[in-house]
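Observations on chain architecture
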Amino acid sequence: MTRDNLLGEFLQARRARVRPEEVGLTPHGRRRVTGLRREELAKFAGVSVQYLTRLEQGVDRHPSPQVVDALATALRLDLDAARHLRALAAPPTEPPGPSEFRGEVQHLLDSWGGTPAYVRDRRFDVLTANKAAMVLSPMYHPGHNLVRDVFLDPATRSLFPDWPDIAEQTVAALRATADPRDPRTATLVAELQRCDEFRSLWARYDVRPSRNETKRFDHPDAGPLTLRRQTLTIAGAEDQVIIVYQPEPGSASAHALARLL
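Structure report, in brief.

The rules behind these values
- Residues numbered from 1 in each chain as written.
- Predicted model: local features only at pLDDT ≥ 70, side-chain atom pairs only at ≥ 80, totals over all residues.
- Heavy atoms only, no water.
- Helix = DSSP H or I, 4+ residues; strand = E, 2+ residues; numbered from the N terminus.
- Buried < 20%, exposed > 50% of the residue type's maximum accessible area, 1.4 Å probe, protein only.
- Contact = heavy atoms within 4.5 Å.
- Arc of directions from axis to C-beta.
- Polar contact = N/O pair within 3.5 Å; in protein donor to acceptor, adjacent residues only side chain to side chain.
- Pairing = 2+ DSSP bridges.

**Examining the overall build of the chain**
- Broken down by element type, the chain carries 13 helices and 5 strands.
- Seen through its principal axes, the chain has C-alpha atoms that stretch 65 × 40 × 30 Å.
- Residue burial in the chain is summarised as follows: out of 261 residues, 48% are buried.
- Counted over contacts in the chain with a minimum sequence separation of 6, partners at least 24 positions apart contribute 56%.

**Re helix α11 (residues 183-192)**
- Regarding α11, the residues found buried are Thr185, Ala186, Leu188, Val189 and Leu192. The buried side chains of α11 occupy one side of the element, clustering within an arc of 160° when seen end-on.

**Regarding the side chain of Asp125**
- Structurally, Asp125 is set in the loop between β1 (117-121) and β2 (126-129).
- The exposure class assigned to Asp125 is buried, which follows from its relative accessible area of 15%.
- There is a polar contact of 2.8 Å between the side chain of Asp125 and the side chain of Asn145.
- For Asp125, the contacting residues outside a window of four places in its chain are Val119, Arg120, His144, Asn145 and Arg184.

**Re the pairing of β1**
- Within β1, 5 of the 5 residues are buried, which leaves it mostly tucked inside the rest of the structure.
- Burial of β1 is two-sided: the residues Ala117, Val119 and Asp121 facing one way and the residues Tyr118 and Arg120 facing the other way are all buried.
- Both β1 and strand β5 (residues 240-247) contribute to a ladder of 5 bridges, which runs antiparallel. Each residue of the ladder has a partner; that of Ala117, found in β5, is Val244.
- For β1 and β2, the ladder comprises 3 bridges, and the chain directions are antiparallel. Residue Arg120 lies in a different strand from β2, and its bridge partner there is Val126.
- Adjacent in sequence and paired antiparallel, β1 and β2 are bridged by 4 residues, among which Phe124 carries a positive phi angle near 70°.

See below:
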């Protein structure tokens, strides 16, 4: 990932994903491009081809909110992808410094003795965790990066029976959450580019933040676990979230997790 033309790269990638039939076009003959032609997107967005070219080439980097909204509509972006497009079009802000967490957050996590919980930042660095989370997986130990572990740690791949889905969700959440202009994020993405699966998923430019959903584990000691993941925001620390895993009360997963802890 380069930091000099993020908006243009996003526009080009998402333009390539819009099938002509989706926007009412009837292709005639052989098309030399995948998705929409540049002039087709410009027409649907109500801008000139020359201006769209400047945006895609990184000559112009901060289109007006009206142009951004028109592009989002023409590209058929969902709410998450449109929000990401607006962030890329906005003037850059000061890169975030190292994330820190407050002591009371650690006390909160520790009070949930039987519930795995940890804190991560926008780059998916684990800042702190309770004992239950660290027993659930080494990837939840402070200092680990969740994206790096998902793709580069064989033990983590074995932990998730639905690893392809987890990998796809993780990449989409990283793109939605991390600031791509942050040097540390760029370094992380550059490192992960050596992994073929990550490189392929990153090139899709999917955007979807982490949401509350069920995740399956194949724990080496506890066996199969089905846990509900919940994401909680921390007041005053918008760059951090608490991730909590809970089993269905009375379920086999609840009993297996209790034995593990």
